[in-house]
Number of protein chains: 2
Amino acid sequence: LYSLELTALPGPSGPGSLIEPGDDLGAIIAVGLRASGIRLRDGDIIVVAHKVVSKAEGRLVYLPDVEPSARAQRLARKVDKDARLVEVILRESRSVRRAVPGVLIVTTKLGFVCANAGVDHSNVKGSDDWVALLPADPDASARTIRRRLGELAGAEVAVIVSDSHGRAWREGTVGVAIGCAGLEPLSDLRGKLDLYGRELRVTTVGLADELASAASLLMGQADEGRPVVHVRGLEYVASELSARVLQRPRERDLFR
Amino acid sequence: LYSLELTALPGPSGPGSLIEPGDDLGAIIAVGLRASGIRLRDGDIIVVAHKVVSKAEGRLVYLPDVEPSARAQRLARKVDKDARLVEVILRESRSVRRAVPGVLIVTTKLGFVCANAGVDHSNVKGSDDWVALLPADPDASARTIRRRLGELAGAEVAVIVSDSHGRAWREGTVGVAIGCAGLEPLSDLRGKLDLYGRELRVTTVGLADELASAASLLMGQADEGRPVVHVRGLEYVASELSARVLQRPRERDLFR
């Protein structure tokens, strides 16, 4: 029987809202797993909502300290957002893709296409004055958690740092992988055969994104207090590839 | 503990490659569940890869019977595909979005944006002469399976008919929902509060797509012989909305 079990670690009482800058997230997850009665095994996968990673890494900005540039002020008027917030978003962005009232979609410095460069108020400090940025290097964040879990729980696991992104063509956000450690983010099916021995057409599956989406079902709104999901039962290929292999270069993108 | 259990029903020996036009897919799934030791409960979800739905519904085309139009012949030369296949794709399409060598992306008559209008050789009859179309009305297919499972297993479940789609901005296909019965495809978070009592920014989650992606992890290449996945543990809102609510109207699409 092929089966997959996903378990969300308890939220506010475990890892979650209590995360503070400097916290050792790997150790907190190890404690949360024990509290949930989960004994980590080789091959398990941990999906972590980026928000708690950002908090643990101190990627927080206090808006009253931010001096918005003239460009941020102009853009803020256009999109009807706080100019200081827009300034923070611009600092995180490589380019602005869309700016209309209420919506600011950018390509982040790491190459992700998302609203507000992932800069977000929710679940940060309960104040409009504080926002969280995306982790500076989500792959490195995933690697650190992976290494700590290896040290503390003695198991070789894969780690995904996830976010919720809007999409072209489709309504609703879905979980996506912005950081990866220990598993092949794109599953390569080239050369595999179908039931009748014919070669499959589809060559790659966005495996890490599908995992982030699966975990998101349990997280609720990705950071609602259940930011860590344990996954058991998936066969995957070990790899140290970056989650950035999931970013499609413009010249190969025929879906835009 | 919040947890989710996904189980793929056994493939070739159960539902899967053996599906023939006219088969009662709901009954076959009920048998597969029993064979897997799963006793269906209210609230369970069944995700079915569209390919077996298409086969059961006889949505198969024998290419030697297809007379390609002049338009199909021109397009076939452009994309370097069989003109009869292109003719079938055009009959399933509302418009052609991209046509370059090897790639033909369309909007289907049902409004899905995907490669080849979902028309596919793999896992059909093991012959280049046969292709499968998408189900004519995937919501109706899901409703029929749902009703049959209610009759045969005595449980009120939700059913998703899934496909694997390529995406803008991201590499690799992911599972998406093309048909739905019994659950709200888009989960509406408007008015929900974060950990600190602030209203969440993100208002809708592509729940049925996340479920299809989660199931896809077990299906392998969506039709590799494990086309049916049973999901238990998800809280969802019952609804009779169509999966087409996941299609984003162009005027609301700022991600393109």
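Residues numbered from 1 in each chain as written. Chains lettered and ligands numbered in written order. Predicted model: local features only at pLDDT ≥ 70, side-chain atom pairs only at ≥ 80, totals over all residues. Heavy atoms only, no water.

Visitor: Just to check I follow, could you spell out the sheet that holds strand 5 (residues 103-108) of chain A for this structure?
Guide: Hydrogen bonds along the backbone pair up the strands of a sheet, which may run parallel or antiparallel. All names here are of chain A. The 3 strands lie next to each other as 4-5-6, forming an open sheet whose pairing is antiparallel. Only two strands of the sheet have a single partner each, and these edge strands are strand 4 (93-100) and strand 6 (113-115). Pairs of neighbouring strands in the sheet enclose a mean axial angle of 25°, with direction left out of account. Judged from the 6 bridges that link them, strand 4 and strand 5 form a sheet pairing that is antiparallel. Bridge pairing in strand 5 links Arg98 to Ile105. In the packing of helix 3 (residues 70-79) onto the sheet, contacts are made with strand 4 and strand 5, and the angle to strand 4 comes to roughly 35°. In the packing of helix 4 (residues 83-91) onto the sheet, contacts are made with strand 4 and strand 5, and the angle to strand 4 comes to roughly 135°. (Pairing = 2+ DSSP bridges. Helix = DSSP H or I, 4+ residues; strand = E, 2+ residues; numbered from the N terminus. Axes fitted to C-alpha atoms, helices over the stretch in contact; angles between N-to-C directions. Contact = heavy atoms within 4.5 Å.)

Visitor: Explain the pairing of strand 9 (residues 174-181) of chain B here, please?
Guide: A regular strand places its side chains on the two faces of the sheet in alternate fashion. Residue and element names in this part refer to chain B. Strand 9 sits mainly inside the fold: 8 of its 8 residues count as buried. Of the strand pairs in this sheet, strand 8 (residues 158-165) and strand 9 are connected by 7 bridges, and their pairing is antiparallel. Pairing of Asp163 across the sheet is with Val176, part of strand 9. (Buried < 20%, exposed > 50% of the residue type's maximum accessible area, 1.4 Å probe, protein only.)

Visitor: Would you mind going over unusual backbone geometry with me for this structure?
Guide: Trans peptide bonds make up most of the peptide bonds, and negative phi angles are found at most residues other than glycine. One non-glycine residue with positive phi stands out, namely Ala117 of chain A, at about 55°. Topologically, Ala117 of chain A is positioned in the loop between strand 6 and strand 7 (130-132). According to the relative accessible area criterion, Ala117 of chain A is buried, its value standing at 1%. For Asn116 of chain B, which is not a glycine, the phi torsion comes out positive at approximately 55°.

Visitor: Hey, could you run me through the environment of Thr203 of chain A in this one?
Guide: With respect to the helices and strands, Thr203 of chain A occurs in the loop between strand 10 (187-188) and strand 11 (204-205). Counting along the chain gives 66 residues from Thr203 of chain A to Asp137 of chain A, while the straight-line C-alpha distance between them is 28 Å.

Visitor: Before we go on, may I ask you to explain the packing of helix 6 (residues 207-219) of chain A against helix 6 (residues 207-219) of chain B in this structure?
Guide: Between helix 6 of chain A and helix 6 of chain B, whose axes approach to 8 Å, the crossing angle comes to 125°. Viewed along their axes, helix 6 of chain A and helix 6 of chain B adopt a mutual orientation that is oblique. As helix 6 of chain A runs across helix 6 of chain B, the sense of the crossing is left-handed. Of the residues in helix 6 of chain B, those touching helix 6 of chain A at Leu207, Glu210, Leu211, Ser213, Ala214, Ser216 and Leu217 of chain A are Leu207, Glu210, Leu211, Ser213, Ala214, Ser216 and Leu217 of chain B. (Parallel < 35°, antiparallel > 145°, perpendicular 65-115°, else oblique. Left-handed = near helix turned anticlockwise from the far one by under 90°.)

Fair warning: the whole summary comes from geometry, so function is off the table for now.
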